[in-house]
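# Close look at the chain arrangement
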Amino acid sequence: MSILVVGSVAYDDIITPFASRQRALGGSAIYFSLAAQHFTPISMVAVIGDDFKQSDMRLLESHRIDTTGLIRESGPCFYWKGEYLGNWNDRITHATHLNVFEHFNPVIPHDYRKAEIVFLGNIAPELQNKVLDQVEHPRIVALDTMNYWISHAKEALIETLRRVNILIVNDSEARLLSGEQSIIEAARTIRAMGPTILCIKRGEHGALLWYDDQVFVAPAYPMCEVVDPTGAGDSFAGGFLGYLARQKLDIHALRRAVVHGSVMGSFTVESFSVDRLAAIGTDDVNKRYQAFVDMTHFDR
Ligand code: AMP
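Described below are features of the structure shown in this document. (Residues numbered from 1 in each chain as written. Predicted model: local features only at pLDDT ≥ 70, side-chain atom pairs only at ≥ 80, totals over all residues. Heavy atoms only, no water.)

This brings us to the overall build of the protein. Along the protein, the regular secondary structure elements total 10 helices and 13 strands. What you see for the protein is a C-alpha radius of gyration of 18 Å, in line with the 19 Å of a compact globule of 300 residues. The 300 residues of the protein split such that 55% are buried. Put simply, of all contacts in the protein between residues at least 6 apart along the chain, 64% involve residues at least 24 apart. Working note: accessible area of the protein is about 13,100 Å², and carbon and sulfur atoms make up 49% of it. Charge-centre separation for the protein: the mean point of 28 positive side chains lies 4 Å from the mean point of 36 negative side chains. (Helix = DSSP H or I, 4+ residues; strand = E, 2+ residues; numbered from the N terminus. Rg over C-alpha atoms; globule rule 2.2 N^0.38 Å. Buried < 20%, exposed > 50% of the residue type's maximum accessible area, 1.4 Å probe, protein only. Contact = heavy atoms within 4.5 Å. Areas by Shrake-Rupley, 256 points an atom, 1.4 Å probe, with all protein chains shown as cover. Lys, Arg positive; Asp, Glu negative; His and termini not counted. Charge placed at Lys NZ, Arg CZ, Asp CG, Glu CD.)

Written as C-alpha cells, this is what we have:
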C-alpha cells in the first residue's frame, strides 16, 4: 500500500556548532520519503527547480520512490538556511526562499488519487488543502507543519486541520499553534481542532502520542554524536506513517509507529542531509528498533 506524500524538495545551507554544509539535499518530502520507503512504496508530489540534480533524482528512484508527480519548473529549488545552537534543540532560520514553490499548484496524478494514506508534509497549508480536494477517499491523512506556516498562514492551517486524522508537530509548534504553554493543554486544544491522533515530538526528549483517552510516552534513541538534526522531524513522520501503512490502526500499532519514527529520526541526525538515511538497510532499522525495545522494557 503506497503513501502519497506532498511536501518540499529543497537545497539547504546548514550551520552547526561544529561544521557546515551548503546546498544539502533536503525538504520535507525528501526526508519523509527516504524514511517511509523502508516500510512501503512512496508516490511523491512536489515541485523542483531546474537546478535539481540528476543524481538526486536517481537517488529517489533507487529507493522505491515514484517520482511521476515531481513537476520541474524554471527557477531554483526551495531554499532554506538554518543554524543550530549548542543544545541542538534551538535553531535559527536565516532564510526561507520559496522560489519555485511560490507558484506551485499541486496537481495529483490520476493514479495517485485513490491513495488510502496521504502525508501532507511541511508546505503552505493552502497547498495541503488543495491536495486533499483531489484525493478520493483517504483512510489516513497525516499532516506536518512548522513555525513558519503557523505564523504566516494560521487560518488556512486551522481549516486544513479539520480534514486531518493525524497531526505530527514538535513541542514549540504545538505551543505556537494552541497558544498554550503546557503541552497537555496544547494537546487538548489541538485535538479539538480536528486530528484525533496527535504526536508531539520533543527532540532528544522523545515523543508523546494521544489517541482516544490514551497517552503514550516514548524516549528518543540516545545518540553519542549528532552531526545535523535537519530533517529528523520529517524522518520521524516517515517512520511513523510508513510503519502504520501496513497495520490496523489501533493504540498498539500507534505505539510501535512512534518508536519506528524515533528510529528513523535517529539515523537522520547521524550525518548531514540524507547521507545516512539513504545508506541504511532494513536490517539497520530492525536492529535499532530492537535496541529500543530492550532499552525501554521494564516489569510492573
Ligand atoms: P525538520 O528538521 O524535520 O523540521 O525539516 C527540515 C527541512 O524542512 C529542511 O530540509 C528544509 O528544507 C525544510 N523546510 C524548512 N522550512 C520550510 C518551510 N517553510 N516549508 C517547507 N519546508 C521547509
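Here the focus is the site of the ligand. Taken together, 18 residues form the shell around the ligand, and within it Asp-12, Gly-27, Asn-122, Gly-231 and Asp-234 come nearest. Here Gly-27 contributes a backbone N or O atom positioned 2.7 Å from an oxygen atom of the ligand. Within the backbone of Gly-233, a nitrogen or oxygen atom sits 3.1 Å from an oxygen atom of the ligand. Elements with a contribution of two residues or more to the shell around the ligand: strand E2 (10-15), strand E6 (78-84), helix H4 (147-152) and helix H8 (232-244). Looking at the shell around the ligand residue by residue, the classes come out as 8 nonpolar, 7 polar and 3 charged. (Near = heavy atom within 4 Å. Polar contact = N/O pair within 3.5 Å; in protein donor to acceptor, adjacent residues only side chain to side chain. Nonpolar A, V, L, I, M, F, W, Y, C, P; charged D, E, K, R; others polar.)

This part takes up the sheet that holds strand E10 (residues 166-170). Note: strands within a sheet are paired through backbone hydrogen bonds, in either parallel or antiparallel orientation. Strand order in this open sheet of 9 strands is E5-E4-E1-E8-E9-E10-E11-E12-E13, and the pairing throughout is mixed. Of all the strands in the sheet, just strand E5 (65-72) and strand E13 (214-218) have a single pairing partner and so form its edges. Across the sheet, the mean angle from the axis of one strand to that of its neighbour is 15 degrees, orientation sign disregarded. Strand contacts of H8: strand E1 (3-6), strand E8 (117-120), strand E9 (140-144), E10, strand E11 (197-201) and strand E12 (207-211), with the helix running at about 155 degrees to E10, the strand carrying the most contacts. (Pairing = 2+ DSSP bridges. Axes fitted to C-alpha atoms, helices over the stretch in contact; angles between N-to-C directions.)

This paragraph deals with the sheet that holds strand E7 (residues 91-97). Spatially, 4 strands are ordered E3-E2-E6-E7 in an open sheet, and the strand pairing comes out mixed. Each edge of the open sheet carries a strand with a single partner, namely strand E3 (20-26) and E7. In this sheet, adjacent strand axes meet at a mean angle of 20 degrees when their direction is disregarded.

For soluble globular proteins, nonpolar side chains are generally found buried alongside one another. By size, the foremost hydrophobic cluster in this structure holds 59 residues, and its most contacted members are Leu-209, Phe-240 and Leu-241. The greatest single-element share of this core, amounting to 9 residues, is contributed by helix H9 (residues 251-268). If we ignore the near neighbours within four places in the chain, the residues touching Leu-209 are Ile-197, Leu-198, Cys-199, Gln-214, Val-215, Phe-216, Phe-240, Ile-251, Leu-254 and Val-258. Membership of the second largest hydrophobic core comes to 46 residues, among which are Leu-4, Leu-167, Ala-174 and Leu-208. (Core = buried A, V, L, I, M, F, W, Y, C linked by side-chain atoms within 4.5 Å.)

Note that all results are geometric; they support no functional claim without further evidence.
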